[in-house]
Amino acid sequence: MNLGATWAKAWIRNSADVMSEHRIELIDLDREIGDGDHGENMDRGFQAVLAKLDAVPAEAGPGDVLKMVATTLISTVGGAAGPLYGTAFLKAAIAIADKTDLDGAALVTLLTAARDGIVLRGKAESGDKTMVDAWTPAVDAAGAAQAAGADDLAILRAAADAAEAGALATEPLVAHKGRASYLGERAIGHRDPGAQSSALLLRAAADTAAEA
Amino acid sequence: MKKLVNDPKNVVNEAVAGFGAAHADLVRVSTDPIFIVRKDAPVAGKVGIVSGGGSGHEPMHGGFVGPGMLDAAVPGAVFTSPTPDPILAATKAVDGGAGVLHIVKNYTGDVLNFETAADLAAADGVEVRSVLVNDDVAVKDSLYTAGRRGVAGTVLVEKIAGAAADRGDDLESVALVAERVIGQVRSMGVALTPCVVPHAGQPSFTLAEDEIEIGIGIHGEPGRERIKLEPADAIVDRLLGPILDDIPFVAGDKVLLFVNGMGGTPQVELYIVFRRAAEVLAERGIEVTRTLVGNFTTSLEMQGMSITVLKLDDELTTLWDAPVQTAALRWGR
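### Considering the domain arrangement of chain B
Residue and element names in this part refer to chain B. Taken as a whole, chain B is organised into domain 1 (12-183) and domain 2 (185-320). When each unit is reduced to the centre of its C-alpha atoms, the spacing between domain 1 and domain 2 is 22 Å. Counting residues at the interface gives 26 residues for domain 1, matched by 31 residues for domain 2. When residues of the side of domain 1 that touches domain 2 are traced back to their parent elements, those giving at least two are helix H4 (153-166) and helix H5 (171-184). Class assignment of the residues belonging to the side of domain 1 that touches domain 2 gives a composition of 16 nonpolar, 5 polar and 5 charged.

Here it is as structure tokens:
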């Protein structure tokens, strides 16, 4: 298998579809413990990315694709999610800048850099009920799968599975960052919308690899 | 839910276009990216002041653009922080060579986007200082939250910092004055009804007919506790207690008392609130020397209000009284 710029573009195209499909779900999650704009913002951002995808030069590497995603999300999403996802994609793009094809190690590098970017910008830790609670399990699972010799698809599936479990595991938590932190114990029982959109993105990455 | 909108996606564009047309004597609007600047920006040699945040809080912030207050306002989508691009563009548009102050309400999205814009502006050679307004005493300020939110007290920070810039203070001094206001202003609010974000189409939270939410933020996000509706005076007492105990405000203090409507509460009720708040302050020996009552930091059509108290000294009083000429606040010229 060969995950390069074609995969990266297809991943982003699939992510845009997924964000549109799940727009209402994310709005509803955000309305419960935030301000109800997450689905709208992610959909708007990824539609803007989609509009620019065809203009990415044919010779571009996967890092170039992710860099375009980063700058576009930063300038279109708004809220906290814009800078957070923007920084995630930017750091991921830099981490794989010299690659044309992504092997297992490069995928783990990409995911780790994305997670580190989110932590750098948002200063959240595991258990704060944020997107970090999806990304850190995903990074750990991807690393473990890669160390065990899994192929690219299996690595991305492990990451997606762990991100989904991580998003689900935010439900019983009290939030310590972001707008949900103002709710105290009333945030308990609600899934973090950022963790959920993160899980959707990582599932799209795995599904795209499966199509390849 | 009935609203006077066309396509919900165009709410901000159309509102900003209308604002520009209505107040062409004071402002110019940029449509791509969207921001509002005072008509004569940049003012050479004056510190530029930029604020911004989600739309839906009008007249904040566009209504405060003009001589004596803001040089630019950057409206995001409804209840969503603007992105760094328009903040950067507005920052450059008001840089008259003396640097630019960003006044940011402490909400995670606003903080992250303004931080990113300030980094970009610095890279382009514009000196930027930022101050974070966090006047909302409803939020416990601890390691376990994103910190206190910036709410209606922001209006007072913008007015007073604007006056400091107008009299010729340098960037450092304007920032210090703003920080001083932030240190001495406290607020708390209540919601009687939720509000409906146009593109969401449904209330951002639900309240039963006889329930109110104490400690509400300005985006319809829930607050500290939900209780049964009480008479106005009892609600005022619930808000004022935590405000006055916080700094604390003590007998002999001179203060500005600001009763802010959330958008859907009539003036007649705001004055009932003001009456009780003034009474409580008088009982405590706190002298109300300046006042403001009206809808200045709103949450769309939400019914509710917030109370803000600012401890004044001679300098802050002089800066508050200084001339201002904006769509929403106008006196002295």
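### Topic: the pairing of strand E2 (residues 34-38) of chain B
Residues and elements named next belong to chain B. Counting buried positions along E2 yields 5 of 5 residues, so the element is predominantly enclosed. Relative to E2, strand E1 (residues 27-31) runs antiparallel, the two being bridged by 5 bridges. Directly across from Arg 28, in E2, lies its bridge partner Val 37. Following E1, the chain reverses through 2 residues before pairing antiparallel with E2. Bridge count between E2 and strand E4 (residues 72-78): 2 bridges; the pairing is antiparallel.

### Some words on the packing of helix H1 (residues 5-21) of chain A against helix H3 (residues 38-53) of chain A
All names here are of chain A. With their axes 9 Å apart at the nearest point, H1 and H3 run at an angle of 145° to one another. For H1 against H3, the interelement crossing comes out left-handed. Contact with H1, carried on its side by Lys 9, Ile 12, Arg 13, Ser 15, Ala 16, Met 19 and Ser 20, involves Met 42, Asp 43, Phe 46, Gln 47, Val 49, Leu 50 and Leu 53 of H3 and no other residues of that element. Among the residues forming the contact of H1 with H3, the class breakdown is 8 nonpolar, 3 polar and 3 charged.

### Quick look at the interface of chain A and chain B
Interface size, as often reported, equals the accessible area lost upon joining of the parts. Contacts between the two partners involve 27 residues from chain A, matched on the other side by 28 residues from chain B. Counting only elements with at least two residues in the side of chain A that touches chain B, the list comes to helix H2 (23-33), H3, helix H4 (62-76) and helix H5 (81-95) of chain A. Residues that form the side of chain A that touches chain B fall into these classes: 8 nonpolar, 11 polar and 8 charged.

### So, unusual backbone geometry
Cis rather than trans, the peptide bond between Met 60 of chain B and His 61 of chain B has omega equal to -5°. Tracing the chain through its elements places His 61 of chain B in the loop between strand E3 (48-55) and E4. For the peptide bond that leads from Ile 247 of chain B to Pro 248 of chain B, omega is -5°, which places it in the cis range. Tracing the sequence through the fold places Pro 248 of chain B in the loop between helix H6 (232-246) and strand E10 (254-261). A positive phi angle is found at Lys 129 of chain A, which is not glycine, with a value near 65°. By the element assignment, Lys 129 of chain A lies in the loop between helix H6 (104-122) and helix H7 (132-147). Judged by the 29 C-beta atoms lying within 10 Å of it, Lys 129 of chain A is buried. The phi angle at Phe 79 of chain B is positive, at roughly 60°, despite the residue not being glycine. The exposure class assigned to Phe 79 of chain B is buried, which follows from the 31 C-beta atoms found within 10 Å.

The rules behind each value
- Residues numbered from 1 in each chain as written.
- Chains lettered and ligands numbered in written order.
- Predicted model: local features only at pLDDT ≥ 70, side-chain atom pairs only at ≥ 80, totals over all residues.
- Domains from an automatic or database assignment.
- Contact = placed C-beta atoms within 7 Å.
- Helix = DSSP H or I, 4+ residues; strand = E, 2+ residues; numbered from the N terminus.
- Nonpolar A, V, L, I, M, F, W, Y, C, P; charged D, E, K, R; others polar.
- Buried ≥ 20, exposed ≤ 12 C-beta atoms within 10 Å, placed from the backbone.
- Pairing = 2+ DSSP bridges.
- Axes fitted to C-alpha atoms, helices over the stretch in contact; angles between N-to-C directions.
- Left-handed = near helix turned anticlockwise from the far one by under 90°.

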